[in-house]
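Fold and contact review
Chain by chain, the residues:
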Amino acid sequence: MKRPAQVVLLALTGMGLLHAALFTDLYLRYVKEGLRPLLIASGVLLLLLGLAGAALDRKDHDHDRGHESAHGHDHSTAPRIAWLLFLPALSLLLYAPPALGAYSASRATAKVVKKQKEFDPLPAGTSPLPMTLSEFTARVQQDRKLGIKGRTVRMTGFVTPAGQGGGWYLTRIIFTCCAADAQSVKVRMYGTDALPANTWVAVTGTWHPQGSLGTKSATAALDVRRTEQVAQPVNAYTDDLPLTPS
């Protein structure tokens, strides 16, 4: 790979980062929102390095030609495989890698639901009650006052097939920092057929009685009364109540 190609690679990578982090929300597929300033700074730095390299190449062009002539060959080449570095740089501009979904969730580490000793009373007049998957799981398995009993809840996530046994899970993938440390939280769905994998849905229903409610023997599962297909929320890689895409 000649030096001009290396300069182009730096510039393309910088432009790709800026495209993903500054002009779109694509970066949220791979890292948490708080890392956006660092991605923008990295993109600017790489772009400036590429432009600086281009300027230096023009200035030193004649010198480099004389040096190559004196030695009879060019030492600036790199292995041909180095050209593959252009693929990830171009993908950020032309075709961003897909977001993590059902395939990753079925293999990701299950997120441990935080232990709680006390739970605030659930709002009495709200039905269905919006809940996160983690909150629902914690209520089912830890709330000794059985606040979730008989309550109609609404949760949002994407479809993950349950495997050979059939059925499906409502799923959220959670980033601690980035896609490399992704964990999943899943709630089993009963009473309705699964939509295609990775379909984002909002489901409404009540706890599916299995195990002793308020203890670890209780299964985080829902008897579904209604399923509604929805757009992927902006905060898809958190287990928060969904934010509507802008």
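Nothing here was measured: the structure is a model prediction, and the numbers come from that model. (Residues numbered from 1 in each chain as written. Predicted model: local features only at pLDDT ≥ 70, side-chain atom pairs only at ≥ 80, totals over all residues. Heavy atoms only, no water.)

1. What to know about a nonpolar patch on the surface
Selection criterion: Grouping into patches uses exposed residues only, defined as over 30% relative accessible area, and leaves out salt-bridged ones; the cut-off is 9 Å for like charges and 5 Å for nonpolar side chains (Val, Leu, Ile, Met, Phe, Trp, Tyr). The protein chains shown are the only cover counted for residues, whose accessible areas, like all others here, come from Shrake-Rupley with a 1.4 Å probe. One speaks of a salt bridge when a side-chain nitrogen belonging to Lys or Arg is within 4 Å of a carboxyl oxygen belonging to Asp or Glu. Burial status follows relative accessibility: with a 1.4 Å probe on protein chains alone, a residue under 20% of its type maximum counts as buried, one over 50% as exposed, and anything between as partly exposed.
Residues L10, L45 and L49 make up a contiguous nonpolar surface patch of roughly 250 Å² in combined accessible area. Judged by its relative accessible area of 32%, L10 falls in the partly exposed class.

2. Re the environment of L87
Rules: Only DSSP runs of H or I covering at least 4 residues are called helices, and only runs of E covering at least 2 are called strands; the numbering of each starts at the N terminus.
Structurally, L87 is set in helix α4 (residues 86–94). With a relative accessible area of 54%, L87 lands in the exposed category. Distance from L87 to L9, taken between C-alpha atoms, is 9.8 Å for residues 78 residues apart in sequence.

3. Quick notes on the packing of aromatic side chains
Stated precisely, the cut-off is as follows: Classification of ring pairs uses Phe, Tyr and Trp, with its six-membered ring standing for Trp, and accepts pairs whose centres are within 6.5 Å; under 30 degrees between planes counts as stacked, over 60 as edge-to-face, and the remaining range as tilted. Comment: the charge-over-ring label is applied if NZ (Lys) or CZ (Arg) is within 6 Å of the ring centre and within 35 degrees of the ring normal.
In this structure the tally under the stated criterion is two aromatic pairs. Directly above the aromatic system of Y169 lies the positively charged group of K186, at a separation of 4.9 Å from the ring centroid. Across from the ring centre of Y169, 5.4 Å away, lies the NZ or CZ of R188, which sits over that ring.

4. Structural notes on the pattern of salt bridges
Evaluated as defined, the whole model comprises two salt bridges. Between R139 and D143 there is a salt bridge, with its nearest N and O atoms 3.2 Å apart. The same class applies to R139 as to D143, namely buried. Salt-bridge contacts for E228 lead to R154; the nearest nitrogen and oxygen are separated by 3.3 Å. Pair noted here: E228 is in strand β7 (residues 221–229) and R154 is in strand β3 (residues 153–161), with a separation of 74 residues, a long-range link. For R154, a relative accessible area of 27% translates into the label partly exposed.

5. Re the environment of R172
Keep this limit in mind: Pairing of N or O atoms within 3.5 Å defines a polar contact, subject to two protein rules: one partner must be a possible hydrogen donor and the other a possible acceptor, and residues neighboring in sequence count only if both atoms are side-chain atoms.
Tracing the backbone shows R172 in strand β4 (residues 168–174). Given the relative accessible area of 1%, R172 is considered buried. Note: C-alpha distance between R172 and Y237 (65 residues apart in sequence) is 6.9 Å. Only 3.0 Å separates the side chain of R172 from the backbone oxygen of T238, close enough to count as a polar contact.

6. Quick word on the pairing of strand β6 (residues 200–207)
Condition: Any two strands between which DSSP finds at least two bridges are classified as paired.
Of all the eight residues making up β6, eight are buried; the element is thus mostly covered by neighbouring parts of the structure. Across six bridges, β3 lies against β6 in antiparallel orientation. Each bridged residue has a counterpart across the sheet, and for G157 the counterpart in β6 is V201. Judged from the seven bridges that link them, β6 and β7 form a sheet pairing that is antiparallel. The residue of β7 that forms the bridge with A202 is E228.

7. Looking at the UniProt feature "transmembrane region" (unreviewed entry) in the chain
Filter applied, for reference: UniProt positions are given in the numbering used here, feature names are shortened, and annotations may be inferred rather than shown by experiment.
If you check UniProt for "transmembrane region" (unreviewed entry), the listed places come out as residues 36–56 and 77–96 in our numbering. Strand forms 0% of residues 36–56 and helix 100%; the C-alpha atoms that close the span are 30 Å apart.

8. Considerations on the nonpolar core
Generally speaking, a soluble globular protein has its nonpolar side chains buried in company with each other. Definition in use: Among buried residues, the Ala, Val, Leu, Ile, Met, Phe, Trp, Tyr and Cys ones that are joined through side-chain atoms within 4.5 Å form a nonpolar core.
In terms of nonpolar packing, the biggest core is built from 24 residues, with F136, I148, V153, M155, L170, M189 and V203 touching the most fellow members. Looking at this core, the elements that each hand over two or more residues are α6 (133–142), β3, β4, β5 (183–190), β6 and β7. Counting residues in hydrophobic clusters, the runner-up holds nine residues, among them A105, I173, W200 and A236.

9. What to know about the environment of T132
Just so we agree on the cut-off: Note on definitions: a residue-residue contact is assigned when non-hydrogen atoms from the two residues lie within 4.5 Å.
Within the secondary structure, T132 sits in the loop between β2 (129–130) and α6. A sequence separation of 107 residues divides T132 from D239, and the C-alpha atoms of the two residues are 6.0 Å apart. Excluding its chain neighbours within four sequence positions, the residues that come into contact with T132 are M155, D239, D240 and L241. A polar atom in the side chain of T132 sits 3.0 Å from the backbone nitrogen of E135.

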